[in-house]
Amino acid sequence: MTDRPQHLIDIASQDTTFLRRVLDQAAAMRANPDAFRQAGSGRLMVNLFYEPSTRTRVSFEIAALKLGLQVVNVAAADSSVKKGETLMDTFRTLEAMGPDLLVLRHPEDEALVPLAAAAAPGTHLVNAGSGSRAHPTQALLDAMTLLDEHPDLSQAKVLIAGDLHHSRVTRSSAALLKKLGIGELRLCAPPGLEAGPEVSAGAVVFDDFDAALAGVDVVMMLRIQHERLAGMDIPDPEAYHREWGLTPERLALAAPQARVMHPGPMNRGVEIASEVADGPQSLIQQQVANGVFTRMAVIHELLKV
Amino acid sequence: MTDRPQHLIDIASQDTTFLRRVLDQAAAMRANPDAFRQAGSGRLMVNLFYEPSTRTRVSFEIAALKLGLQVVNVAAADSSVKKGETLMDTFRTLEAMGPDLLVLRHPEDEALVPLAAAAAPGTHLVNAGSGSRAHPTQALLDAMTLLDEHPDLSQAKVLIAGDLHHSRVTRSSAALLKKLGIGELRLCAPPGLEAGPEVSAGAVVFDDFDAALAGVDVVMMLRIQHERLAGMDIPDPEAYHREWGLTPERLALAAPQARVMHPGPMNRGVEIASEVADGPQSLIQQQVANGVFTRMAVIHELLKV
Amino acid sequence: MTDRPQHLIDIASQDTTFLRRVLDQAAAMRANPDAFRQAGSGRLMVNLFYEPSTRTRVSFEIAALKLGLQVVNVAAADSSVKKGETLMDTFRTLEAMGPDLLVLRHPEDEALVPLAAAAAPGTHLVNAGSGSRAHPTQALLDAMTLLDEHPDLSQAKVLIAGDLHHSRVTRSSAALLKKLGIGELRLCAPPGLEAGPEVSAGAVVFDDFDAALAGVDVVMMLRIQHERLAGMDIPDPEAYHREWGLTPERLALAAPQARVMHPGPMNRGVEIASEVADGPQSLIQQQVANGVFTRMAVIHELLKV
């Protein structure tokens with residue numbers, strides 16, 4: 001692992017020094033965004049999204065524009081994939097057009113791995129979410145938001161709760177928090193939605209949500225997709241909310257002034273109550289704002305613009 | 001109402017002084033567009049469209065680019081709405097990413113009202129068409145086009161004709177013409193498609209199209225959607241054209257050299273004959289051209305770039 | 001025909017001097033792309049695509065951005081066409097918004113002809129593929145790639161093979177190679193997919209693929225669409241590959257070190273074997289890279305930016 005990686009594919013394979021540098025850079029960019037307005041001038045980023053996404057695509061696009069890059073968007077609906085082209089051929093075609101950076105979201109877990117191996121040295125790849133496995137910039141923006149509250153993470157207790165199995169946030173965020181030396185990482189999922197052993201290693205796993213919440217400093221809630229409920233013996237979203245939703249009553253079990261995070265988009269009244277999402281302990285808007293600075297920092301560090 | 005509003009949501013709630021200033025600014029920008037090429041440099045606009053639109057979205061986008069702003073487009077098809085996110089959450093998420101201006105089109109009449117109330121002071125909202133109620137920049141571009149022909153509007157007779165009930169242009173345009181002191185505003189709609197009392201107040205309402213046309217200086221025709229015909233005892237578009245279409249013969253009933261406007265997209269041979277749309281009395285291309293300058297002026301006045 | 005045309009609609013109607021100038025300019029831009037970064041500053045291009053396309057749309061967009069133009073994308077899905085607007089009205093509407101250049105892809109062969117005739121002198125139209133008839137920038141990028149290998153085209157033998165009937169590449173590429181004085185142009189298509197007499201005039205037409213390949217310097221393979229096979233007594237893609245696919249064995253029939261081209265997107269294992277597409281004789285990536293420079297040159301020469 002070199003000091004300056006070519007790509008950002010996942011958290012696990014990245015050097016902690018690089019990840020800390022991205023977080024420091026993101027904070028510096030937030031403090032003085034205008035200083036970077038021309039940093040990426042003359043560079044080109046392609047957003048290639050095989051799944052729809054508002055927040056992640058727009059966040060990357062704004063991050064690039066704030067650095068002075070040019071941005072081209074390609075959505076799956078446009079894509080030559082419809083004409084039977086392989087992902088590798090689409091990638092090679094776009095790469096031949098000379099972008100500096102290619103940001104990819106794809107439904108398959110390992111979609112980026114062969115592309116990263118095939119990329120020319122001047123082509124940088126960033127994973128904007130792949131399958132249910134990796135979403136490294138989400139992990140970085142979550143860490144930035146956590147660090148704002150707890151500059152010494154070794155003193156912090158963080159709970160990640162909800163559908164740990166299908167969330168692409170789980171694996172990346174857990175890996176990053178461990179690398180950054182989190183004090184205690186707790187995990188809690190409804191039956192059948194637990195995280196795998198790689199994620200659980202080094203974490204404290206709870207099956208009782210109330211017990212998991214006791215005394216934590218930060219709760220990161222994950223989205224539940226409605227179509228999962230049928231497989232869980234949970235009759236409807238209201239029932240999920242009663243058993244697994246973060247309500248004001250449940251939040252009161254956490255530490256005083258505990259903070260609440262959610263990667264969005266939220267299902268209000270399902271995994272999180274509106275009073276919590278919009279309440280004074282919520283960091284949800286800060287997460288989104290930090291997302292832009294985090295992605296600026298990733299682009300900056302990969303391109304050394 | 002302050003001198004410089006934060007948002008442009010509808011015409012009715014806007015100060016007439018501000019609306020006149022936008023119109024003056026639009027004319028100044030048309031006279032010397034190059035003077036404004038860097039005016040919005042470093043600012044960011046998000047186009048958030050929950051309904052498809054070519055002309056309005058592209059017009060806003062070009063207006064912003066001509067002022068040097070950066071533009072990010074979000075279409076409903078991409079949207080987190082698909083994942084059950086509320087409009088308010090999508091708005092808050094985009095707002096947290098730091099745009100200066102958010103341009104929204106939405107199928108619901110009152111969609112923007114709660115967003116405007118929730119917006120931070122530095123976030124400006126512009127309505128690009130909401131429900132069948134408001135389309136304030138269309139009203140402004142229509143007024144700009146009218147003023148080119150009739151600098152003293154108090155001497156002009158204007159007829160708005162067609163589907164007044166479902167058109168988002170009706171309410172905004174009627175409100176603006178009244179605020180600008182139009183000489184005479186006439187309204188004429190097929191049975192069942194009449195405007196409501198708020199629009200009709202202060203206007204002269206006709207049920208006979210030929211009588212409504214007599215002596216008017218300008219006819220603004222509105223689009224009829226094919227699916228409305230079934231509910232109107234009108235068997236087909238040809239029948240609508242015979243009864244409610246602006247033909248050369250009908251136009252001859254208006255004042256000599258009367259002008260014709262249409263907000264587009266046109267149904268040729270339905271609400272308007274091609275000979276009229278493409279004829280020497282048509283202002284339809286000028287409306288589109290003025291749309292870009294009007295939107296430049298709106299952006300400029302809201303942002304004070 | 002003037003020295004500097006207003007539009008690029010097809011190859012056949014263009015002056016050879018102009019086409020050669022585009023090719024020279026493209027090579028100059030490839031040699032020193034940074035010299036042109038501000039050349040189109042203050043100019044606006046609209047991409048209007050009535051068919052989905054990744055490679056062509058993105059290639060035009062990147063070309064324009066590299067010249068400093070601003071770009072607005074309009075996809076058919078957004079389009080007012082859905083509301084019954086004619087192509088001419090959509091064109092006139094967009095033209096009234098003041099773009100310098102409009103790039104259009106459309107499923108109909110002659111879609112651009114009436115628009116080109118109606119365009120104001122300051123509006124330039126470029127065909128990005130129309131029907132099965134014309135794709136002039138593809139022909140130019142193919143010619144640029146050929147010229148890199150064979151600066152004296154009068155010494156080169158080129159075979160275009162595959163579905164000549166439905167390919168929009170066929171007609172434009174054949175016309176351009178003839179204008180540039182190609183040594184020998186060969187054509188070979190499966191039964192029922194032959195080119196028409198205009199394309200075949202001046203070419204050597206083969207019905208045996210192996211015979212056609214004998215001794216050629218360059219093979220340009222065309223894409224076969226799966227839905228064509230049913231009409232051809234060919235049971236499946238594998239059968240097509242056996243009879244009409246460019247395999248390493250077949251390529252060995254061509255001249256030593258013969259080059260292989262394909263306009264993409266490829267059907268690997270159908271009209272072309274992966275070993276050939278990815279092998280040392282393939283120019284497919286160079287075609288894509290040259291596409292950006294070719295389109296930069298077209299924009300530059302039409303706009304004289």
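Residue numbering note: each chain is counted from 1, following its sequence as written. Chains and ligands are labelled by the order in which they are written, letters from A for the one and numbers from 1 for the other. Since the coordinates come from a predicted model, pLDDT governs what is reported: local features require at least 70, and pairs of side-chain atoms require 80 or more to be given and counted, while whole-chain, interface and lining totals use all residues. Heavy atoms from the whole structure form the basis of all side-chain values; hydrogens and water molecules are not counted.

**Thoughts on the interface of chain B and chain C**
Then step 1. When checking whether two residues touch, look at their non-hydrogen atoms; a contact exists if any pair is within 4.5 Å. In this assembly, 23 residues from chain B lie in contact with 23 residues from chain C.
Then step 2. Defined in terms of a 1.4 Å probe, buried area is the accessible area two parts forfeit on being brought together, summed over both. Together, the buried faces of chain B and chain C total about 2,000 Å²; carbon and sulfur atoms form 52% of this surface.
Then step 3. Together, Thr 54, Arg 55 and Leu 65 of chain B form the three largest contributors to the area buried by chain B at its contact with chain C, with a combined 24%.
Then step 4. Salt bridges are defined as contacts in which a side-chain nitrogen from Lys or Arg sits within 4 Å of a carboxyl oxygen from Asp or Glu. Across the contact surface, chain B and chain C share three salt bridges.
Then step 5. Secondary structure counts use DSSP, requiring at least four H or I residues in a row for a helix and at least two E residues in a row for a strand, with both numbered from the N terminus. When residues of the side of chain B that touches chain C are traced back to their parent elements, those giving at least two are α2 (55–66) and α13 (284–303) of chain B.
Then step 6. The element best represented in the side of chain B that touches chain C is α2 of chain B, accounting for eight residues.
Then step 7. Side-chain classes follow a simple rule in which Ala, Val, Leu, Ile, Met, Phe, Trp, Tyr, Cys and Pro form the nonpolar group, Asp, Glu, Lys and Arg form the charged group, and the remainder, Gly included, forms the polar group. Here the side of chain B that touches chain C is built from residues that sort into nine nonpolar, five polar and nine charged.

**What to know about the interface of chain A and chain B**
Then step 1. In this assembly, 23 residues from chain A lie in contact with 23 residues from chain B.
Then step 2. Carbon and sulfur atoms supply 53% of the area buried between chain A and chain B, which totals about 2,000 Å² over both sides.
Then step 3. Across the contact surface, chain A and chain B share three salt bridges.
Then step 4. One salt bridge in this structure joins Arg 55 of chain A and Glu 85 of chain B, with 2.1 Å as the shortest N-O distance.
Then step 5. Of all elements in the fold, only α2 (55–66) and α13 (284–303) of chain A reach the threshold of two or more residues within the side of chain A that touches chain B.
Then step 6. Here the side of chain A that touches chain B gets eight residues from one element, more than from any other, and that element is α2 of chain A.

**Topic: the pairing of strand β8 (residues 218–221) of chain B**
Residue and element names in this part refer to chain B.
Then step 1. Per-residue accessibility, obtained with a 1.4 Å probe over protein chains only, is compared with the maximum for each type, and a residue is labelled buried under 20%, exposed over 50%, and partly exposed between these values. Of the two faces of β8, the one carrying Val 218 and Met 220 and the one carrying Val 219 and Met 221 are both buried.
Then step 2. In this structure, strand β5 (residues 157–161) lies alongside β8, joined through four bridges in parallel fashion. What sits directly across from Leu 159, in β8, is Val 219.
Then step 3. At least two bridges found by DSSP between two strands is the condition for calling them paired. With three bridges joining them, β8 and strand β9 (residues 259–261) adopt parallel strand pairing. The residue of β9 that forms the bridge with Val 219 is Val 260.

**Regarding the packing of α2 of chain A against α13 of chain A**
To describe two helices that pack against each other, one gives the angle between their axes and the distance between the axes.
Residue and element names in this part refer to chain A.
Then step 1. Axes, fitted as lines to C-alpha atoms, cover a helix only where it is in contact. Angles between the N-to-C directions of the axes lie from 0 to 180 degrees. One can describe the packing of α2 onto α13 by two numbers: an axis separation of 8 Å at closest approach and a directional angle of 55°. It follows from the interaxial angle that α2 and α13 lie oblique. Helix-helix and strand crossings are classified by hand; for α2 and α13 the assignment is right-handed. Between α2 and α13, the contacting residues are Arg 55, Thr 56, Ser 59, Phe 60, Ile 62, Ala 63, Ala 64 and Lys 66 on the first element and Val 288, Gly 291, Val 292, Arg 295, Met 296 and Ile 299 on the second.
Then step 2. Tallied by class, residues from the contact of α2 with α13 come to eight nonpolar, three polar and three charged. For this classification, under 35 degrees means roughly parallel, over 145 means roughly antiparallel, 65 to 115 means roughly perpendicular, and everything else is oblique. Here a crossing is called left-handed whenever its near helix is offset anticlockwise from the far helix by less than a right angle, and right-handed whenever the offset is clockwise.

**Structural notes on the sheet that holds strand β5 (residues 157–161) of chain A**
All names here are of chain A.
Then step 1. If you walk across this open sheet you meet the five strands as β7-β6-β5-β8-β9, and the pairing is parallel. Strand pairing shows two members of the sheet lacking a second neighbour, β7 (204–206) and β9 (259–261), which therefore form its edges. Averaged over all pairs of adjacent strands, the angle between their axes in this sheet comes to 20°, without regard to strand direction.
Then step 2. The strands touched by helix α5 (residues 136–149) within the sheet are β5, β8 (218–221) and β9, with β9 carrying the most contacts at an inclination of about 170°.

**Points about the pattern of salt bridges**
Then step 1. Tallied over the full model, the rule gives 48 salt bridges over all chains.
Then step 2. Here Arg 186 of chain A makes a salt bridge to Glu 184 of chain A, at a shortest N to O gap of 2.7 Å.
Then step 3. Since its relative accessible area comes to 7%, Arg 186 of chain A is described here as buried.
Then step 4. Residue Arg 228 of chain C is joined to Asp 163 of chain C by a salt bridge in which the shortest nitrogen-to-oxygen separation is 3.8 Å. Highlighted residues: Arg 228 of chain C in helix α9 (residues 226–229) and Asp 163 of chain C in the loop between β5 (157–161) and α6 (168–179), separated in sequence by 65 residues.
Then step 5. Looking at Asp 163 of chain C, the relative accessible area reads 2%, which means it is buried.
Then step 6. Salt bridges linked by common partners bring Asp 89 and Arg 92 of chain A together with Arg 268 and Asp 278 of chain C together as one network.

**Focus on the relation of the copies chain A and chain B**
Then step 1. Copies are brought into register by a least-squares superposition over C-alpha atoms of residues with pLDDT of at least 70 in both. Between chain A and chain B, the superposition needs a rotation of 120° and an axial shift of 0.0 Å, giving an RMSD of 0.0 Å. The transformation relating the two chain copies, once decomposed into turn and shift, fits a three-fold axis.

**Focus: unusual backbone geometry**
Then step 1. Between Gly 264 of chain B and Pro 265 of chain B the backbone carries a cis peptide bond, its omega angle lying at -10°.
Then step 2. Along the polypeptide, Pro 265 of chain B turns up in the loop between β9 and α12 (274–277).
Then step 3. In this model, Asp 233 of chain A sits at a positive phi of 60°, which is unusual for a non-glycine residue.
Then step 4. Mapped onto the fold, Asp 233 of chain A is located in the loop between α9 (226–229) and α10 (237–244).

**Here we look at the domain arrangement of chain A**
Residue and element names in this part refer to chain A.
Then step 1. Parsing chain A into structural domains produces domain 1 (16–134 + 288–303) and domain 2 (137–283).
Then step 2. Where a domain begins and ends is set by an automatic assignment or by a domain database. A straight line from the C-alpha centre of domain 1 to that of domain 2 covers 26 Å.
Then step 3. Contact with domain 1, which involves 27 residues of that partner, is made by 21 residues of domain 2.
Then step 4. Summed over both sides, the interface between domain 1 and domain 2 buries roughly 1,900 Å², with carbon and sulfur atoms accounting for 56% of that surface.
Then step 5. Connecting domain 1 to domain 2 are two salt bridges.
Then step 6. Whenever a nitrogen or oxygen atom comes within 3.5 Å of another N or O atom, the pair is scored as a polar contact, on the condition that within protein one atom can donate a hydrogen and the other can accept it, and that pairs from neighbouring residues in sequence are kept only if both atoms are in side chains. Run the count over domain 1 and domain 2 and you get six residue pairs in polar contact (both at pLDDT 80 or more).
Then step 7. Every element with two or more residues in the side of domain 1 that touches domain 2 is listed here: α1 (16–31), α2, β3 (101–106), β4 (124–130) and α13.
Then step 8. Sorting elements by how many residues they give to the side of domain 1 that touches domain 2 places α1 first, with eight residues.
Then step 9. Split by residue class, the side of domain 1 that touches domain 2 holds ten nonpolar, ten polar and seven charged.

**Some details on the sheet that holds β4 of chain A**
Residue and element names in this part refer to chain A.
Then step 1. Across the sheet, four strands lie side by side as β2-β1-β3-β4; this open sheet has parallel pairing. Taken across any chain shown, the strands that pair with only one partner, and hence form the sheet edges, are β2 (70–75) and β4. Pairs of neighbouring strands in the sheet enclose a mean axial angle of 15°, with direction left out of account.
Then step 2. Here strand β1 (residues 44–49) pairs with β3 via five bridges, running parallel. By the bridge assignment for β3, Phe 49 is matched with Arg 105.
Then step 3. α2 contacts β1, β2, β3 and β4 of the sheet and is inclined by roughly 180° relative to β1.

**Focus: the environment of Ala 201 of chain A**
Then step 1. Relative to the helices and strands, Ala 201 of chain A resides in the loop between α7 (197–200) and β7.
Then step 2. For Ala 201 of chain A and Lys 178 of chain A, which are 23 residues apart along the polypeptide, the C-alpha to C-alpha distance reads 9.8 Å.

**Brief notes about the confidence of the model for chain A**
Then step 1. A residue's pLDDT is the predictor's confidence in that residue, given on a scale from 0 to 100. A residue-level look at chain A finds 97% of positions with pLDDT of 70 or above and a mean pLDDT of 94.
Then step 2. Prediction confidence for the complex, expressed as pTM and ipTM, is 0.96 and 0.95 respectively.

**Structural notes on the pairing of strand β3 (residues 101–106) of chain B**
Residue and element names in this part refer to chain B.
Then step 1. Counting buried positions along β3 gives six out of six residues, so the element sits mostly inside the fold.
Then step 2. What you see with β3 is no split at all: Leu 101, Val 103 and Arg 105 on one side and Leu 102, Leu 104 and His 106 on the other are buried throughout.
Then step 3. Pairing analysis gives five bridges linking β3 to strand β4 (residues 124–130), with the strands arranged parallel. When the bridges of β4 are listed, Leu 104 appears paired with Asn 127.

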